[in-house]
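Listed below are the residues making up each chain.
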Amino acid sequence: MHSKKPFYILVALLFIVGIASSIFRGIEHNVPFLPGKQVQSWTVEAKVQFKATGKPAEVSFSLPSDPAFEILVENPSSPGYGLSITGDPQNKRANWSIRSATGQQNLYYKVTIIPTGITKIKAIEEPKIADTYTWPETEKVAAEQAIEEVWAKSATNLSFASQLNKAFNADERSQNIELLLSSNSPSKLFVHMLNNKGVPAQEVSGLYLEDQRRRQQLTNFVEVYNDGEWHLFNPSDGTQGRPDNLLLWDRSGKSTLDVIGGTNSQVNFSMLQDTRSALATALDVMNNQGALDFSLYQLPLEEQSLFKGILLIPIGVLMVVFLRVIVGLKTSGTFMPVLIALAFIQTTLLTGLIGFILIVAFGLMIRSYLSQLNLLLISRISAVIIVVIGIIGLFTLLSYKFGLSEGLTITFFPMIILAWTIERMSILWEEEGPKEVVLQGGGSLFVATLAYLAMSAPWIQHWVFNFLGIHLVILAIVLLMGQYTGYRLLELRRFKPLAGE
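Source: prediction; values computed, not measured. (Residues numbered from 1 in each chain as written. Predicted model: local features only at pLDDT ≥ 70, side-chain atom pairs only at ≥ 80, totals over all residues. Heavy atoms only, no water.)

Trainee: So what exactly am I meant to see when it comes to the overall build of the protein here?
Mentor: Within the protein, the secondary structure is distributed over 17 helices and 14 strands. Taking 501 residues into account, the globule formula puts the C-alpha radius of gyration at 23 Å, and the protein, at 36 Å, lies well above it. Seen through its principal axes, the protein has C-alpha atoms that stretch 120 × 65 × 40 Å. Here the protein holds 501 residues, and 42% of them are scored as buried. Contacts in the protein between residues far apart in sequence, at least 24 positions, make up 77% of those at least 6 positions apart. For the protein, the exposed area adds up to about 27,600 Å²; of that, 59% sits on carbon and sulfur atoms. Between the centroid of the 39 positive side chains of the protein and the centroid of its 41 negative side chains there is a distance of 8 Å. (Helix = DSSP H or I, 4+ residues; strand = E, 2+ residues; numbered from the N terminus. Rg over C-alpha atoms; globule rule 2.2 N^0.38 Å. Buried < 20%, exposed > 50% of the residue type's maximum accessible area, 1.4 Å probe, protein only. Contact = heavy atoms within 4.5 Å. Areas by Shrake-Rupley, 256 points an atom, 1.4 Å probe, with all protein chains shown as cover. Lys, Arg positive; Asp, Glu negative; His and termini not counted. Charge placed at Lys NZ, Arg CZ, Asp CG, Glu CD.)

This is the structure:
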């Protein structure tokens, strides 16, 4: 007797791989586990304006770089200008150029982003310590005294930055701080004082996301490095940490906008909040990351639509195996109910049931006449197929004439399968009587109805197409049920009187 251990190991592996791959797809790629889920997105448009001087013009504009937001789509718009995107993902810039431009110029950059849920900014590598800032003679003593005073109250880089931020925004600031702020912007002074103590810090600019805002400007912040992370400070208002609606636009430490060949340059931002399908968003993100290289979503839409139907068949097969092996229902043909259920998806349940019963009933009447002709099997089946096509054509034409649009969908029934069903039921009628025909025909329709209800459920259609690991789980369940050799549930009911005796 063969050991069943390898079989159960195979089934366990199918379960584990199927469930693990589905969970991985849901968590790692953010594919929603339920259909219809929506996510919040922002569309931000930057408008660069400057007055051209009639000479060649070049515009370099920093593009957003923030791990808290994922870029889905970005579209620079610049009629007549040459455009190139340069730099690494953390330091991208749009570069527009034109041989000659005169008068007011408008350049646009539109980007659609979604929150990633990442709130911490990890440093890719430990930053180099900036050169010590050389203070003007009029500020040198005040700066050194202010730095030493705050430095004495701190223990780490982060606490030094916190104390310094507090000193900048105290109700009664020291005379040294007042003097320094009178000739320096808070963010630049903050960076200089940190760098003078060897603390890596950089000035960054961010954009507050507010729905339907127009002509919004960037706000300056300071990032301070401590233990592998960048921490955000706003020396202008004394806050520490990032607000949920803040998009860090420029973390390069350079100017956000450079214009050559123009004057009065400026950039304004407009934004809109929107909701979009979580599934479409996940697909866009995977496409941007190149994760769709081996996926059904890479196929043309027509083939994707075809596979959405094909991948429902394992659900119908699972229903058939369960109802036949465990429950003990009889059907006409092993997997005929699955094909009928697929037809029901196209025709709707009620129309499909009526159409199926009418076609089989008419087919049985005609088949009873063919049996009197003593035809060969192949000729008889061929004749039944032609008759079934004729019946479907007749019903379709009558439905059209009477304005019953639902009846036009009857053409979705598998004609060859219907012909074999009629042939099989006719033989069954002759050998075992009409009761068995009603029993197996009713069982087939019952199984087809249950399979239809399962296959038409939106969440099942979502799972079988977006989480292909589910099919490994279905395969494992089918294999397990294939090992079942006990009584069917209906058999237990039939033998119940004997058990009572």
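Continuing now.
Trainee: Looking at this model, I keep getting lost on the packing of helix H12 (residues 415-432) against helix H13 (residues 434-455). Mind explaining?
Mentor: Packed helices, taken two at a time, are described by the angle between their axes plus the distance between the axes. As a packed pair, H12 and H13 sit with axes 7 Å apart at the nearest point and diverge in direction by 140°. Our classification of the angle between H12 and H13 gives oblique. On the side of H12, the interface is formed by Met-425, Leu-428, Trp-429 and Glu-432, while H13 contributes Pro-434, Glu-436, Val-437, Gln-440 and Gly-441. Considering only residue class, the contact of H12 with H13 consists of 5 nonpolar, 2 polar and 2 charged. (Axes fitted to C-alpha atoms, helices over the stretch in contact; angles between N-to-C directions. Parallel < 35°, antiparallel > 145°, perpendicular 65-115°, else oblique. Nonpolar A, V, L, I, M, F, W, Y, C, P; charged D, E, K, R; others polar.)

Trainee: Would you mind showing me how to read the confidence of the model for the protein here?
Mentor: Low pLDDT marks stretches whose predicted atomic positions should not be read closely. Chain-level statistics for the protein give a pLDDT mean of 86 and a share of 97% at 70 or above. Of all secondary-structure elements in the protein, the lowest mean pLDDT belongs to helix H17 (residues 496-500), at 65, while helix H15 (residues 469-482) reaches the highest, 93. (pLDDT = per-residue confidence, 0-100.)

Trainee: Hey, could you run me through the pattern of salt bridges in this one?
Mentor: For the coordinates displayed, the defined rule picks out 13 salt bridges. Of the charged contacts, one joins Glu-223 and Arg-251 as a salt bridge, the two residues approaching to 2.8 Å between their closest N and O atoms. With Glu-223 in strand S9 (residues 219-226) and Arg-251 in the loop between strand S12 (246-250) and strand S13 (257-260), the pair connects residues that are 28 residues apart, well separated along the chain. As far as the burial class goes, Glu-223 and Arg-251 line up, both buried. Among the charged side chains, a network of salt bridges with common partners joins Arg-367, Arg-380 and Glu-423. (Salt bridge = Lys/Arg side-chain N within 4 Å of Asp/Glu carboxyl O.)

Trainee: Is there a simple way to explain helix H5 (residues 186-195) in this structure?
Mentor: Each α-helix winds once per 3.6 residues, and so residues spaced three or four apart point in a common direction. Counting buried positions over the 10 residues of H5 gives 8, a clear majority of the element. Of the positions making up H5, those classed as buried are Ser-187, Leu-189, Phe-190, Val-191, His-192, Met-193, Leu-194 and Asn-195. On its buried face, H5 sits against helix H2 (137-151), helix H3 (157-168), helix H4 (175-181), strand S8 (201-208), S9 and strand S10 (229-234).

Trainee: Before we go on, may I ask you to explain the sheet that holds S13 in this structure?
Mentor: Strand pairing in a sheet takes place through backbone hydrogen bonds and is either antiparallel or parallel in direction. The strand order across the open sheet built from 4 strands is S4-S5-S2-S13, with neighbouring strands paired in antiparallel fashion. Strands at the two margins of the open sheet, each flanked by one partner only, are strand S4 (82-86) and S13. When strand polarity is set aside, the average angle formed by the axes of neighbouring strands in this sheet is 15°. Judged from the 4 bridges that link them, strand S2 (residues 57-62) and S13 form a sheet pairing that is antiparallel. Paired with Val-59 across the strands is Val-259, a residue of S13. (Pairing = 2+ DSSP bridges.)

Trainee: Could you clarify how one ought to interpret the UniProt feature "transmembrane region" (unreviewed entry) in the protein in this entry?
Mentor: Those residues carrying the UniProt feature "transmembrane region" (unreviewed entry) are residues 6-27, 306-327, 339-365, 377-398, 404-422, 443-461 and 467-487 in this numbering. As annotated, residues 6-27 comprises 100% helix and 0% strand, and the C-alpha atoms at either end are separated by 31 Å. Here residues 306-327 runs as 91% helix and 0% strand, with 32 Å between its end C-alpha atoms. (UniProt positions renumbered as here; feature names shortened; annotations may be inferred.)

Trainee: Would you mind showing me how to read the packing of aromatic side chains here?
Mentor: Remark: the centre distance and the inter-plane angle together describe each pair of aromatic rings, the angle taken between the planes. Summed over the entire model, instances satisfying the criterion amount to 15 aromatic pairs. A centroid spacing of 4.9 Å and a plane angle of 90° characterise the contact between Tyr-133 and Trp-135, whose relative ring orientation is edge-to-face. Take Tyr-133: its relative accessible area is 27%, and that puts it in the partly exposed class. Relative to Phe-395, the ring of Phe-362 has its centre 5.5 Å away and its plane inclined at 85°; by these criteria the two rings are edge-to-face. Of this pair, Phe-362 sits in helix H10 (residues 349-371) while Phe-395 sits in helix H11 (residues 377-401), and the two are 33 residues apart along the sequence. A relative accessible area of 13% places Phe-395 in the buried class. Ring-pair connections join several aromatic residues into one group, and the members of that group are Phe-61, Tyr-109, Trp-249 and Phe-269. Above the face of the Trp-151 ring, Lys-197 is positioned so that its terminal group lies 4.9 Å from the ring centre. (Phe/Tyr/Trp six-rings, centres within 6.5 Å; stacked < 30°, edge-to-face > 60°. Lys NZ or Arg CZ within 6 Å of the ring centre and 35° of its normal.)

Trainee: For this particular structure, what's the right way to read the side chain of Ser-444?
Mentor: By the secondary structure assignment, Ser-444 is in helix H13. Classification of Ser-444 as buried rests on a relative accessible area of 2%. Apart from the residues lying within four places of it in its own chain, the contact partners of Ser-444 are Lys-330, Thr-331, Ser-332, Met-336 and Pro-337.

Trainee: Just checking my understanding: could you explain the sheet that holds strand S14 (residues 262-277) for this structure?
Mentor: The 4 strands lie next to each other as S3-S6-S1-S14, forming an open sheet whose pairing is antiparallel. The strands lining the two open edges of the sheet, one partner per strand, are strand S3 (69-77) and S14. Each neighbouring strand pair of the sheet contributes to a mean axis angle of 20°, computed without reference to strand direction. As paired strands, strand S1 (residues 38-53) and strand S6 (residues 102-115) are joined by 12 bridges and run antiparallel to one another. Opposite Trp-42, over in S6, you have Ile-113 as the bridge partner. Contacts between helix H6 (residues 278-288) and the sheet are confined to S1, S3, S6 and S14, with S14 contributing the most and set at about 130° to the helix.

Trainee: Help me understand the side chain of Glu-436, please; the structure alone is not making it clear to me.
Mentor: Take Glu-436: it is sitting in helix H13. Every residue in contact with Glu-436, bar those within four places of it in the chain, is listed here: Lys-330 and Leu-428.

Trainee: Quick question: what am I supposed to make of the environment of Thr-275 here?
Mentor: For Thr-275, the position within the fold is in strand S14. Sequence separation between Thr-275 and Val-39 is 236 residues; the distance between their C-alpha atoms is 5.5 Å.

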